[in-house]
Number of protein chains: 2
Amino acid sequence: MAKPTKLPADFKLLLEKGDKIYQTGISVDCVVFGFHENALKILLIKVNYINKWALPGGFIQKDENVDAAAYQILKERTGINNIFLQEFSVFGSPHRSDASVHQNRYQEYGVKIPKDNWLMQRFITVGYFALIDFTEVELMQESYLEGCNWIDINKVGPLMMDHENIVSKALETLRNQIAYTPIGKNLLPKKFTMPELQKLYETILNKKLDRRNFQRKMIGFGILNRLSETRKGGAHKAPFLYTFNDKKYQKALKEGLYGSW
Amino acid sequence: MAKPTKLPADFKLLLEKGDKIYQTGISVDCVVFGFHENALKILLIKVNYINKWALPGGFIQKDENVDAAAYQILKERTGINNIFLQEFSVFGSPHRSDASVHQNRYQEYGVKIPKDNWLMQRFITVGYFALIDFTEVELMQESYLEGCNWIDINKVGPLMMDHENIVSKALETLRNQIAYTPIGKNLLPKKFTMPELQKLYETILNKKLDRRNFQRKMIGFGILNRLSETRKGGAHKAPFLYTFNDKKYQKALKEGLYGSW
């Protein structure tokens, strides 16, 4: 454990004036899923003073839009900028906050947070999520406080507070959405094979899919262009390459894969 | 305008102690759509002191779950109990609150709200929505404050603050959802005709649908049982009656009309 030092200026400000700067009792948490070459990962922050991982989260400034706060928090805590974040749920249990998280942070500097301080209150949090290619973004260097990293979704240990619950709900939302909206653009190479597309779905759904059904369904959506090229080099018969049909993909994003009424 | 009287005790409490009872800076608003016999309506509260209609909304108690607060607020303000409310979006613009709404309420009693009072702050609101048969619920008698009523969705005038925006977003969510989840149970009579089911969709979507396409798509979902009975009495050929297949309807509610992956 690090030797206690003087309370950093930003910690002092947060403690003493945070309730003048931020909306009190409400926060934002970001669940960023990263996919690349059949691996689904999640972006987590290492919270050193409680020795747990947590979602990148933070507060909303008094004059800041909640959406804008989510982007700002993600940028400040991980370095990630300009990805589309979708609000997916509010976590509103009166028991979800854990004041000891803040206490532990300040205790390292020998500071005890007063019971009536704004940090000790209940926080309702707004959950945002995104799914990106994790090789396309650069994470910030580890700060003196904590680091962030991509953790395999199947190897996530116990998280801070109710963050496991937030991740579950985000994953559930993602899995529901891919039943009726297209996915894959920016996650797969521009030209991809049907098995590569299937693997993307299988990784997100965490289950095996039938090859024939998958192919029939996928082609039925009408969002793919089959190229005359094949992928050379495998032991098997060279599989056809596909690209997404941009116009139809965009239409399906808007109206759903099965069309609107 | 009513003659100013003494400030009611509950108003005084809200003003002076509200920030000890409720989470500050966050509220809940409920968009309840009502359908019956081809009419889509929305449940609104008449806010007398600003002469506008508004969504039933309110605050979250310090020890109350956000979901529970939505149910409680709807019950207290409209009398409606035990309907399923779904959280659909957070409205987080820093400019959405309008302190004059509170000011006007208290001004009627000659009370000026101090600028630093919690009611004058910015509120982020969590939107919940529901779609029910409006003849199945009983609205509260009008109170001395304000009344509530079902207003035809096409005849809604200017609403308080950003409530028109909240209604639009709820309607958009509802219309998106019926592209991939079933609808109709508890909104149609137990036995219904295909034209009656089609009219439900047309009313919600606010557009005409092709009769043959609708029927083919609907039957394709496999959630209907066609009865051997027909609806007697019309000038046309008696149309077949249908019921929902409960088991398949429930499955489709969970997995979507097109099945999961």
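Residues numbered from 1 in each chain as written. Chains lettered and ligands numbered in written order. Predicted model: local features only at pLDDT ≥ 70, side-chain atom pairs only at ≥ 80, totals over all residues.

Along its length, chain A carries 7 helices and 10 strands. Referenced to the eigenvectors of the C-alpha coordinate spread, the extents of chain A come out at roughly 65 × 45 × 25 Å. Considering only contacts within chain A whose residues lie at least 6 apart along the sequence, 73% involve residues at least 24 apart. (Helix = DSSP H or I, 4+ residues; strand = E, 2+ residues; numbered from the N terminus. Contact = placed C-beta atoms within 7 Å.)

Our focus in this paragraph is the nonpolar core. In terms of nonpolar packing, the biggest core is built from 101 residues, with A:Cys30, A:Val31, A:Phe33, B:Cys30, B:Val31 and B:Phe33 touching the most fellow members. Apart from residues no more than four positions distant in its own chain, B:Cys30 is found in contact with B:Leu55, B:Pro56, B:Gly57, B:Ala70, B:Ile73, B:Leu74, B:Leu85 and B:Tyr128. (Core = buried A, V, L, I, M, F, W, Y, C linked by C-beta atoms within 7 Å. Buried ≥ 20, exposed ≤ 12 C-beta atoms within 10 Å, placed from the backbone.)

A word on the relation of the copies chain A and chain B. Between the two copies, chain A and chain B, the superposition gives an RMSD of 0.0 Å; the rotation angle is 180° and the shift along the axis is 0.0 Å. The superposition operator between the copies reduces to a two-fold rotation axis. Both copies share a contact surface, since 100% of the interface residues of chain A are interface residues in chain B too. (Least-squares fit on C-alpha atoms with pLDDT ≥ 70 in both.)

Hydrogen bonds between backbone atoms are what pair the strands of a sheet, whose relative direction is either parallel or antiparallel. All names here are of chain A. Read from one edge of the open sheet, 3 strands run β8-β10-β9, paired in antiparallel fashion. The open sheet has two edge strands with one neighbour each: β8 (192-193) and β9 (224-230). Relative to strand β10 (residues 240-244), β8 runs antiparallel, the two sharing 2 bridges. Pairing of Thr 193 across the sheet is with Leu 241, part of β10. (Pairing = 2+ DSSP bridges.)

Now for the environment of A:Asn81. Residue and element names in this part refer to chain A. Along the chain, Asn 81 turns up in the loop between α2 (66-78) and β5 (86-91). C-beta crowding within 10 Å serves as the criterion here: with 11 such atoms nearby, Asn 81 is assigned to the exposed category. Counting along the chain gives 180 residues from Asn 81 to Trp 261, while the straight-line C-alpha distance between them is 36 Å.

Residue and element names in this part refer to chain B. Within the secondary structure, Lys 191 is located in the loop between α4 (163-177) and β8 (192-193). A C-alpha to C-alpha distance of 38 Å links Lys 191 and Asn 65, two positions 126 residues apart in sequence. Once residues within four sequence positions are removed from consideration, Lys 191 is found in contact with Leu 227, Leu 241 and Thr 243.

Moving on, we get to the pairing of strand β6 (residues 124-133) of chain A. Residue and element names in this part refer to chain A. Counting buried residues in β6 gives 7 out of 10 residues, a clear majority hidden from the surface. One ladder, built from 10 bridges, connects strand β1 (residues 22-36) with β6; its direction is parallel. Note that in β6 the partner of Ile 26 across the bridge is Ile 124. Relative to β6, β5 runs antiparallel, the two being bridged by 5 bridges. Its bridge partner lying in β6, Gln 86 is registered against Phe 129.

For the rest of this paragraph, the subject is the domain arrangement of chain A. Each assigned domain of chain A is listed here: domain 1 (9-169) and domain 2 (192-255). Taking only C-alpha atoms into account, the centre of domain 1 of chain A sits 35 Å from that of domain 2 of chain A. (Domains from an automatic or database assignment.)

Before going further, it helps to examine the pairing of strand β2 (residues 39-47) of chain B. All names here are of chain B. Taken together, the 4 bridges between strand β1 (residues 22-36) and β2 define a ladder with antiparallel strand orientation. Note on β2: the bridge partner recorded for Gly 34 is Lys 41. In this antiparallel pair of consecutive strands, β1 and β2, the connection spans 2 residues, and Glu 37 shows a positive phi of 40°. Pairing between β2 and strand β7 (residues 148-152): 5 bridges, direction antiparallel. If you follow Ile 42 over to β7, its bridge partner there is Ile 151.

Overall, antiparallel pairing links the 3 strands, which are arranged β8-β10-β9 (chain B) in an open sheet. Edge strands, defined here as strands with exactly one partner in the open sheet, are β8 and β9 (224-230) of chain B.

Let's shift gears to the interface of chain A and chain B. Between chain A and chain B, the residue contacts involve 29 residues of the former and 29 residues of the latter. When contributions to the side of chain A that touches chain B are tallied by element, the ones reaching two or more residues are β1, α2, β5, β6 and α5 (194-205) of chain A. No other element matches β1(A), which puts 4 residues into the side of chain A that touches chain B. A breakdown of the residues in the side of chain A that touches chain B according to their chemical character gives 14 nonpolar, 9 polar and 6 charged. (Nonpolar A, V, L, I, M, F, W, Y, C, P; charged D, E, K, R; others polar.)

Residue and element names in this part refer to chain B. Tracing the backbone shows Gln 198 in helix α5 (residues 194-205). When the 17 C-beta atoms within 10 Å are taken as the criterion, Gln 198 is described as partly exposed. Excluding its chain neighbours within four sequence positions, the residues that come into contact with Gln 198 are Leu 209, Arg 211 and Phe 214.

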